[in-house]
Amino acid sequence: MSHWQELEQKYFMSTVERLPVTLVRGQGARVWDEDGREYLDFVGGWAVTSLGHCHPVVIDAVVEQVRTLIQVSNQFYTIPQIRLAELLVQNSCLDKVFFCNSGAEANEGAVKLARRYGKRYLNGAYEVITATGSFHGRTLAMVVATGQPKFQQPYVPLPAGFINVAYNSIEAIKAATTSETCAVMLEPVQGEGGINLPDDNYLAQVRAWCDQTGILLILDEIQTGAGRAGTLFAYEQYGVEPDIMTLAKGLASGLPIGAILARDRASVFVPGEHGSTFGGNPLACAAGYATLKFIIENDIAGNSQRVGQYLTAGLERLKEKFEFVTDVRGRGLLVALEFNNDIAQSVVMACLERGLLLNRLKPNALRFMPPLIVGKDEVDEALGILDKVLSTVTG
Ligand SMILES: Cc1ncc(COP(=O)(O)O)c(C=O)c1O
């Protein structure tokens, strides 16, 4: 254990099982540890560093902004947040934006917005239907929205107002809808829950049900958005448009940011009903504007789709080679590889030894979420390391 890791043990609350590496520098799809060892980074700050580590357009935007204006109160107009809001609206189906600092906070705000909508238009309806296997964040309300008991049980009693129903079942959503329901909230592709893809027509059926009943559809694109799933927003691939969408993670390529987007008719906050001290601060928004503009102008979502397909094809070959590999699934550069037993942690550790960072998605599955600018040569390198590691595993 290094000096820094010993200090961490002394001073930190124990909320995460860290890997035994202290990272000090990053460039593109690579990072380096305190001893100068290089790693190919297919974790990408947990689907965050969309343009890779320390991309020049992000550096330039942040450096210029940090020299100019870092933070003022949201009582005043500031230019970076207005430019980013305009870019988001011009490139999505939504009309209005609110900025915050993280994904959980964006989802909390989206649920508050849906409750305001319920009060105004749905006789005070307040309940939000979410799916099993979902992940919507770590705040107290979002652990209830998250349809996974392991995130909820440590914190009972839980706040009211959420119903978790079976994923991929329109019938379950219909059965759970009552006069108290104001919204359905879903990830277009479930990320943390296992990279679970929606069945054909599921999202379209949910959209139709929301239209029929007058309740709102909230899409949590915190993991899938900003190009990760192979289009700027994942909803584009499923022929549905949300009433409210949340973003965070990759939007500013590493600077902390979250966003709630809403259609005009769902944009019902009035002054004083919601707010954030840091949300929309000039620094994060300058990074967000530079990132999103670069993603749009350079078709980075297209790269995510093409290189994602290349990665998926390579993983399919590993599936054919190793009989203990049972599934490959994903969209764009959000891909899972599943095994028939719980070897993911040992595969992650063996890849780490050989200079490849991967995420253990579940005890029996890995997740690949490299920067969206990753190239096929880097994918080949990662597949080569993984192939060697899997060759040493007996399934
Ligand atoms: C779909 C989704 N929603 C919400 C969150 C929470 O985001 P944050 O960790 O920024 O609060 C995550 C984080 O992994 C996520 O994947």
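This report concerns the structure included in the present document. Since the structure is predicted, the reported quantities are computational estimates derived from the model, not experimental observations.

Here we come to the pattern of salt bridges. Within this structure, the stated rule accounts for 17 salt bridges. A salt bridge links E273 to R116, with the nearest nitrogen and oxygen atoms 2.9 Å apart. Of the two residues, E273 is situated in the loop between β10 (258-262) and α10 (282-297) and R116 in helix α5 (residues 103-121); the sequence distance between them amounts to 157 residues. Among the salt bridges present, the one from R207 reaches D211, with a minimum N-O distance of 2.8 Å. Taken together, the residues R207 and D211, both in helix α9 (residues 202-213) and four residues apart, mark about one turn of the helix. Within the structure, one salt-bridge network assembled from shared partners comprises R207, D211, E241, D243, R263 and R265.

This next bit is on the packing of helix α12 (residues 344-353) against helix α13 (residues 376-391). Contact geometry for α12 and α13: axes closest at 10 Å, N-to-C directions at 125°. Comparing their axes, α13 and α12 come out oblique. The way α12 lies across α13 gives a crossing that is right-handed. Between α12 and α13, the residues in contact are V347, A350 and C351 and I385, L386, V389 and L390, respectively. Looking at side-chain class alone, the contact of α12 with α13 contains seven nonpolar, no polar and no charged residues.

Bringing the environment of Y117 into the picture now. With respect to the helices and strands, Y117 occurs in helix α5. With near-sequence residues (within four places) excluded, Y117 lies in contact with L122, G214, L216, R265, A266 and V268.

The final tally for this structure, using the stated rule, is six aromatic pairs. Pairing Y167 with Y202 gives two aromatic rings, centres 5.6 Å apart and planes at 80°, and the pair type is edge-to-face. Taken as a pair, Y167 in the loop between β6 (162-165) and α8 (170-176) and Y202 in helix α9 lie far apart in primary sequence, 35 residues in all. Measuring from centroid to centroid gives 5.6 Å for F322 and F324, while their planes differ by 45°, and the two rings are tilted. Feature note: the residues F322, F324 and F339 constitute an aromatic cluster, connected by ring pairs. When the ring centre of F12 is taken as reference, the NZ or CZ atom of R18 above it lies at 4.9 Å. Positioned above the aromatic ring of W32 is the side chain of R25, whose terminal nitrogen or guanidinium carbon lies 4.1 Å from the ring centre.

What counts and what doesn't
Chains are numbered independently. Their residues run from 1 in the order of the written sequence. Owing to the predicted nature of the model, reporting of local features is limited to residues with pLDDT of at least 70; listing and counting of side-chain atom pairs is limited to 80 or more, with chain, interface and lining totals taken over all residues. As a rule here, side-chain values come from all non-hydrogen atoms in the structure, and water together with hydrogens is ignored. Only one rule defines a salt bridge in this text: a Lys or Arg side-chain nitrogen within 4 Å of an Asp or Glu carboxyl oxygen. What counts as a helix is a DSSP run of H or I of at least four residues, what counts as a strand is a run of E of at least two, and both are numbered from the N terminus. What counts as an axis is a line fitted to C-alpha atoms, over the stretch in contact for a helix, and the angles between N-to-C directions run from 0 to 180 degrees. Put simply, angles under 35 degrees are roughly parallel, angles over 145 are roughly antiparallel, angles from 65 to 115 are roughly perpendicular, and the rest are oblique. Note: crossing handedness is left-handed where the near helix turns anticlockwise from the far helix by less than a right angle, and right-handed where it turns clockwise. Residues count as neighbours in contact if any of their non-hydrogen atoms are within 4.5 Å of one another. The residue classification treats Ala, Val, Leu, Ile, Met, Phe, Trp, Tyr, Cys and Pro as nonpolar and Asp, Glu, Lys and Arg as charged. All others, Gly included, are polar. When two rings of Phe, Tyr or Trp (its six-membered ring) have centres within 6.5 Å they constitute a pair, described as stacked for plane angles under 30 degrees, edge-to-face for angles over 60, and tilted for the intermediate range. The rule is short: NZ of Lys or CZ of Arg within 6 Å of the ring centre and within 35 degrees of the ring normal puts a charge over the ring.

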